[in-house]
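Topology and contacts: notes
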Amino acid sequence: MDESGQRGRVLGAGVAAVLERTTVDAVGLEERAAALAKRSIKQQSKLDGLRLAISCMDLTTLEGKDSPGRVAQLCAKAVRPNPADPTIPSVAAVCVYSTLVRSAKKALRGSTVKVASVATAFPSGLAPLDVKLRETQEALNAGADEIDMVINRGAFLAGSRAEVADEIAAVKAVCGRASLKVILETGELVTYDNVRRASWLAMEGGADFIKTSTGKVSPAATLPVALAMLEAVRDFETLSGRRVGVKVAGGIRSAKNALQYLVLVHETVGDPWLSPDLFRIGASSLLNDVLMQIAKERSGAYQGEDYFTKD
Amino acid sequence: MKSDLKPRDNGLKAKAKARLALAAPAWTAPSKWEYAPAPEAHDYIKLRPRYGLFVGGKWTKPKAGRYFPSINPATEETLTEVAEASEADIAKAVAAARTAYDKYWRKMSGVERAKYVYRIARAITERSREFAVLETMDGGKPIKESRDIDIPLAAAHFFYYAGWADKLKWAFPNTDPRPLGVAGQIIPWNFPVLMAAWKIAPAIACGNTVVLKPAETTPLSALLLAEVIEQADLPPGVVNIITGGGQTGAALVSADGLDKVAFTGSTEVGKQIARECAKTKRRVTLELGGKAANIIFDDAPLDQAVEGIINGIFFNQGHVCCAGSRLLVQESVHDAVAQKLYRRMQTLRLGNPLDKNTDIGAINSKVQLDKIEALAATGDAEGCARFQTECALPSRGYWFRPTFFTGVALSHRIAQEEIFGPVLSVLTFRTPEEAVEKANNTPYGLSAGVWTDKGSKNFKVVRQLEAGVVWANTFNKFDPSSPFGGYKESGFGREGGVHGLLPYLEI
Amino acid sequence: MPTSSRLPVRKTYKLYVNGEFARSESGRTFPFKHRAGITHVARATRKDLRDAVRAARAALGPWRNRSAFNRGQILYRLGEIMEDRRGELVEALVRANVRLPAAEKEVSAAVDRVVWYAGWCDKIEQWSSTKNPVAGPHFNVSSPEPSGVVGIVAPGAPSLLGLVSTTVPPLCAADTVVVIASQDNPLSAIAFAETIATCDMPAGVVNILTGERSELTPHLARHMDIKALDLWLDDDALEAHAADLACASVKRVRRGKPQSSAFWFGEASMSPRWIESFMEIKTVWHPAGL
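A short tour of the structure in this document, coming up.

Moving on, we come to the overall build of chain C. Each helix and strand in chain C was counted, giving eleven helices and twelve strands. Relative to a compact globule of 290 residues, whose C-alpha radius of gyration would be 19 Å, chain C shows 20 Å and is just as compact. Of all intrachain contacts in chain C linking residues separated by at least 6 positions in sequence, the fraction that spans at least 24 positions is 76%. Of the charged side chains in chain C, 36 are positive and 31 negative, and the gap between their average positions amounts to 3 Å.

Next up, the structure:
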């Protein structure tokens, strides 16, 4: 079946409304996610999946103690995760606080790795709008390729959906051609119905990516949450013809888990999304576990931490 | 940070430095991500070249010396030979069951009987992987289903009923529950070891002894169960397992000395068995066919409802008596549901049942495949539109692509007759009353599904459906504590739960 | 004087709280004289009891969230482990002057009772629930739910069978328990605790304290986080005092009278009512309409 937007625009208004307002049954959703998590990914598909995971990774450091030195070293790892293995690609992006964008840009010069900046009073999002927009602008001025914003969860849960939507649109306007990822902070939204509604709101507001979490709240990304978001993305494409990306972030530490997210993407929205243009994994310690798994696949031996640099 | 330090010129110009960093990795992402084969290890399964009958605690040769092959429907390979029980073998088995009943089982305290049944439960769990692989090889169902559903449920059934063996007076207060005696049990090929558990567990927990005949095409897991029972040191003759085909089944049903007959299978055969038993006073329970309606309202959680449709009709290749084989979808959401269903179906993986990623396994036999193909052809002939999973079929074995037909009316054959395969008939309705009317408009009454986000609608519709099992916002859920059985021509009697004890007791 | 050339290693008897064996926070013990000598058994304080209740409270959610089938499997495994370790359980009784044949009989009865209750975990809800035919278009169901943390003062005797008969039923109810062991024979309680610790029982579900019952019982009775009490005391005054203290948090209290051996070994002391006593009935209404 052709994935073009033509089909979507031909659908009746009735169907559009149904797709937009459908609810999510938590038990059924979690069962489906659990079933997908059981896929057995082996041999070449595993190696390909692991490398894909790296090429889709946003290597992240978001700590109060981040410094230019720290960022520079992280960037070196981002460009060349394992110098001993030339088949290992660079990651997709490095994700930092807005004040460290300049350091990251400098360290990444000449590479394919993008700079994503969190902005809009990350992680809480609770600051005056003009402050949030200014931070966004500053990050772009410093050279950020992508902006990861947070939605106003307080406003969302209090029922002020319009306010949330307006903020997203305002940030997107500042972003212009730069890619905007909208963080829903699904751990605070709690229900899958909320996740779907927030996803829809973000996509209508112009998000280029919808993202699960800031990584500062637990639970962060989970397979069922990602599945709910992928289903929303799929329906949105059916209706509007526009493809929105999905970023899962927070709590993804094992290569096995990363592969499970790839399975979700593969079986829900399909292979066009298995690319850094439409899928990202926000992580830090994940990278080494993936490198260790790749090394194990190639050598047959389980690996040790001593052999992989922390950054 | 400004510094007065100037690094040494290492002779590399900036551009060259950049080129180093930019060096293309020796890997490009594949345009399609395909799963590699992930076969479940099965070389440790050691089948004997030939199996006898398990009667009176011993493995015996069939009196007439006849055997028949059991084949793997995914590969058409012969796995082994099993015995064909004749009337003489059946008489011997019933006699062994009677002796065991009189000598040991009816006299044993509930506490001791319970411990025997617990042993069977624990042993199945211990050997669960072996059971799962064997079940898949013999019957064609995907390993992930036998591993994750069939075998755990079978063990759980024994565990649950073990716990009732010494509590019958609590289950039925103010009564003196007694076992019936010897039960003859005939089970189908769609859930071989699970059906054996559904039959044997409540029967022996209540103090009866049994003679069980597994289906002709799937005897092997029952024979492994016989081994488990043998190793659990059950008194000889409490459980007897005799293999054979339709003739063996008929002979068992009409054998002298049975106090009870339990049958799961087609409605057609069920009626014959009922007639045979009507000649005597033996008790009967029947679990027969179905043509369940899966009702999707416009306010259903759509994506989960689509999963429910998939699970309802394609689980176990549709070889399920309670399969949701009629989709009744509210007309206003028909297109959205059909599109989602079609798209979702394309991700179903059909192939080697021993591959852990396989979703759709082999059709159980050539006979069944022919039936499915014939009925599906009537769908085409009667003007319905066919949609299916577009996938390759393996060159050997029996396979049928998951299929649905739209534009189906109640009067079409594919809306009335049980296909027992991965074929869904899609009909529409406008109002809840119409949905209930169409759902009930069938001689069958085994199961039904209802999908809506509105609680009160759920409770109302559920009450009106004439079906023994109703799944609301879910499908194909089974539990040993949950009674299962049909209304109308889907049979009578319940298996599972407290109600599942009644068919095996005199109260 | 040693009777053989090999010196046996003596066991230290500790409390069992939150899945671990620990000495009392006070370091106190009390001497228990038995046939193999004198053993200094841990003497729990109110702080140990406080810690035990905290552990039981924390374990409540996870224990309840497991399927009833899973709880049944864990209790069945308790039976498996007890059977496997019957030697130790028998020895604990024999040391306390129970004659060997009686000790064997008691251990067999205790194992069988555990298996009996294991089979109730996934049935108690069916047995105790009703769907009620209210007048009107409403769906109405009553079903039992666990009460919470249950405080148990186990019977003085029989020290193993009495302990098992009172400790296990609340577990079927998906409650968690804090048990004050028999003072007549604390060795049984600790041997039993060791079987609990090795049968896959999650930490905190069962907590067993040895010590002075007169000291500990009032603290159990007045603890605001304990929802129900099961008292099997020989001391009427202490029992009345505990029942009185329990009123401050409206605890459900069961007061068991001292019973004969025939009671404990017979059907009178095994019943699903013993499970139901530590459950609350919840009734839910829902309209049935389009």
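Turning to the interface of chain A and chain B, a few remarks are in order. Between chain A and chain B, the residue contacts involve 51 residues of the former and 44 residues of the latter. Approximately 3800 Å² of surface area, both sides summed, lies buried where chain A meets chain B, with 53% of it carried by carbon and sulfur atoms. In this assembly, chain A and chain B are joined by seven salt bridges. Here chain A and chain B share 17 residue pairs in polar contact (both at pLDDT 80 or more) between them. Only helix 2 (13-21), helix 3 (26-37), helix 4 (43-55), helix 12 (223-240) and helix 13 (255-268) of chain A provide two or more residues apiece to the side of chain A that touches chain B. A total of seven residues in the side of chain A that touches chain B trace back to one element, the largest contributor, which is helix 4 of chain A. The residue inventory of the side of chain A that touches chain B, partitioned by class, reads 18 nonpolar, 15 polar and 18 charged.

Angle between the axes and distance between the axes: these two values describe a pair of packed helices. Residue and element names in this part refer to chain B. Running from N to C, helix 3 (residues 110-126) and helix 5 (residues 143-162) cross one another at 165°; their axes reach a closest spacing of 8 Å. Classified by the interaxial angle, the pair formed by helix 3 and helix 5 is roughly antiparallel. In the crossing of helix 3 with helix 5, the sense of the turn from one axis to the other is left-handed. Between helix 3, through Ala114, Val117, Tyr118, Ile120, Ala121, Arg122, Ile124 and Thr125, and helix 5, the contact on the second element is made entirely by Ile151, Ala155, Phe158, Phe159 and Ala162. Split into classes, the residues belonging to the contact of helix 3 with helix 5 amount to eleven nonpolar, one polar and one charged.

Within this structure, the stated rule accounts for 78 salt bridges over all chains. A salt bridge links Glu267(A) to Arg39(A); the nearest nitrogen and oxygen atoms lie 2.7 Å apart. Here Glu267(A), found in helix 13, pairs with Arg39(A), found in the loop between helix 3 and helix 4; they are 228 residues apart in sequence, far enough to count as distant. Residue Arg39(A) is classed as buried on the basis of its relative accessible area of 11%. Lys457(B) serves as the salt-bridge partner of Asp299(B), at 3.2 Å between the closest nitrogen and oxygen. Note that Asp299(B) is positioned in the loop between strand 12 (293-296) and helix 11 (302-314) and Lys457(B) in helix 16 (residues 455-464), a separation of 158 residues in sequence. Classification of Asp299(B) as partly exposed rests on a relative accessible area of 22%. Take Lys457(B): its relative accessible area is 7%, and that puts it in the buried class. Each of Asp58(A), Glu146(A), Asp148(A), Lys181(A), Lys211(A), Lys247(A) and Arg280(A) takes part in one network of salt bridges that share partners.

What follows deals with helix 11 (residues 192-204) of chain A. Residue and element names in this part refer to chain A. An ideal rise of 1.5 Å per residue puts 18 Å on 13 residues; helix 11 measures up with 18 Å between its terminal C-alpha atoms. Where burial is concerned, most of helix 11 is hidden: ten out of the 13 residues are buried. Considered for burial, the residues of helix 11 that qualify are Tyr192, Asn194, Val195, Arg196, Ala198, Ser199, Trp200, Leu201, Ala202 and Met203. Phi for glycine 206, located one or two positions after helix 11, is positive at around 105°.

All names here are of chain B. Counting across every chain of the model gives 34 aromatic pairs over all chains. Seen in terms of ring centroids, tyrosine 342 and phenylalanine 387 are 5.9 Å apart; in terms of plane orientation they differ by 75°. Their pairing is edge-to-face. Within this pair, whereas tyrosine 342 is found in helix 12 (residues 334-345), its partner phenylalanine 387 is found in strand 14 (residues 385-388), the two being separated by 45 residues in sequence. Using a relative accessible area of 17% as the deciding quantity, one classes tyrosine 342 as buried.

The next thing to look at is the interface of chain C and chain B. Between chain C and chain B, the residue contacts involve 26 residues of the former and 27 residues of the latter. For the pair chain C and chain B, the summed buried area comes to about 2400 Å², and 64% of that belongs to carbon and sulfur atoms. Three residues stand out in chain C for area buried against chain B, namely Tyr76(C), Lys123(C) and Leu290(C), and they jointly supply 27% of the buried area on that side. Salt-bridge contacts for Glu80(C) lead to Arg122(B); the nearest nitrogen and oxygen are separated by 2.8 Å. Between chain C and chain B we count 13 residue pairs in polar contact (both at pLDDT 80 or more) in total. Broken down by element, the residue count for the side of chain C that touches chain B peaks at six residues, all from helix 2 (residues 68-84) of chain C. For the side of chain C that touches chain B, a count of residues per class yields 13 nonpolar, eight polar and five charged.

Let's shift gears to the sheet that holds strand 4 (residues 67-72) of chain B. Residues and elements named next belong to chain B. Reading across the sheet, the three strands line up as 1-5-4 and stay open at both edges, with mixed pairing between neighbours. A single partner strand is all that each edge strand has here, and the edge strands are strand 1 (50-51) and strand 4. Docked against the sheet, helix 4 (residues 128-139) engages strand 4 and strand 5 (77-83), running at close to 100° with respect to strand 4. Running over the sheet, helix 8 (residues 220-231) touches strand 1, strand 4 and strand 5 and is turned about 55° from strand 5.

In this section: the nonpolar core. Of all hydrophobic cores here, the largest spans 280 residues; its most connected members are Ile120(B), Phe158(B), Ile204(B), Leu501(B) and Met201(C). Beyond its immediate chain neighbours, meaning those up to four positions away, Ile204(B) contacts Trp105(B), Arg113(B), Val117(B), Ile120(B), Val210(B), Leu234(B), Val238(B) and Val239(B). Core analysis: the second largest hydrophobic core is formed by 28 residues, Ile295(B), Ala415(B), Val423(B) and Val461(B) among them.

Moving on, we come to unusual backbone geometry. In the segment running from Ser218(A) into Pro219(A), the intervening peptide bond is cis, with an omega of 5°. Examined against the element boundaries, Pro219(A) turns out to sit in the loop between strand 6 (209-211) and helix 12. Omega for the peptide link from Ala157(C) to Pro158(C) comes to -5°, which places this bond in the cis form. Phi at Val190(A) takes a positive value of approximately 70°, unusual for a residue other than glycine. Within the secondary structure, Val190(A) sits in the loop between helix 10 (186-189) and helix 11.

Here we take up the pairing of strand 16 (residues 423-429) of chain B. Residue and element names in this part refer to chain B. When you tally the buried positions in strand 16, you get six out of seven residues, the bulk of the element. Of the pairings in the sheet, the one linking strand 13 (residues 326-330) to strand 16 comprises five bridges and is parallel in character. Within strand 16, the residue paired with valine 329 across the bridge is threonine 428. Note that strand 15 (residues 403-406) and strand 16 share three bridges and pair parallel. Among the inter-strand pairings, threonine 403 is bridged to a residue of strand 16, identified as valine 423.

Residue and element names in this part refer to chain B. Strand order in the open sheet formed by seven strands is 14-15-16-13-12-17-18, with mixed pairing between adjacent strands. The sheet is open, and its two edges are formed by strand 14 and strand 18 (469-472), each paired on a single side. In this sheet, neighbouring strand axes are inclined to one another by 20° on average, regardless of whether the strands run parallel or antiparallel. Summarising the sheet, strand 12 and strand 13 pair through four bridges and their orientation is parallel. Paired with isoleucine 296 across the strands is valine 329, a residue of strand 13.

How each quantity is defined
Residues numbered from 1 in each chain as written. Chains lettered and ligands numbered in written order. Predicted model: local features only at pLDDT ≥ 70, side-chain atom pairs only at ≥ 80, totals over all residues. Heavy atoms only, no water. Helix = DSSP H or I, 4+ residues; strand = E, 2+ residues; numbered from the N terminus. Rg over C-alpha atoms; globule rule 2.2 N^0.38 Å. Contact = heavy atoms within 4.5 Å. Lys, Arg positive; Asp, Glu negative; His and termini not counted. Charge placed at Lys NZ, Arg CZ, Asp CG, Glu CD. Buried area = accessible area lost by both parts, 1.4 Å probe. Salt bridge = Lys/Arg side-chain N within 4 Å of Asp/Glu carboxyl O. Polar contact = N/O pair within 3.5 Å; in protein donor to acceptor, adjacent residues only side chain to side chain. Nonpolar A, V, L, I, M, F, W, Y, C, P; charged D, E, K, R; others polar. Axes fitted to C-alpha atoms, helices over the stretch in contact; angles between N-to-C directions. Parallel < 35°, antiparallel > 145°, perpendicular 65-115°, else oblique. Left-handed = near helix turned anticlockwise from the far one by under 90°. Buried < 20%, exposed > 50% of the residue type's maximum accessible area, 1.4 Å probe, protein only. Expected span 1.5 Å × (residues − 1). Phe/Tyr/Trp six-rings, centres within 6.5 Å; stacked < 30°, edge-to-face > 60°. Pairing = 2+ DSSP bridges. Core = buried A, V, L, I, M, F, W, Y, C linked by side-chain atoms within 4.5 Å.

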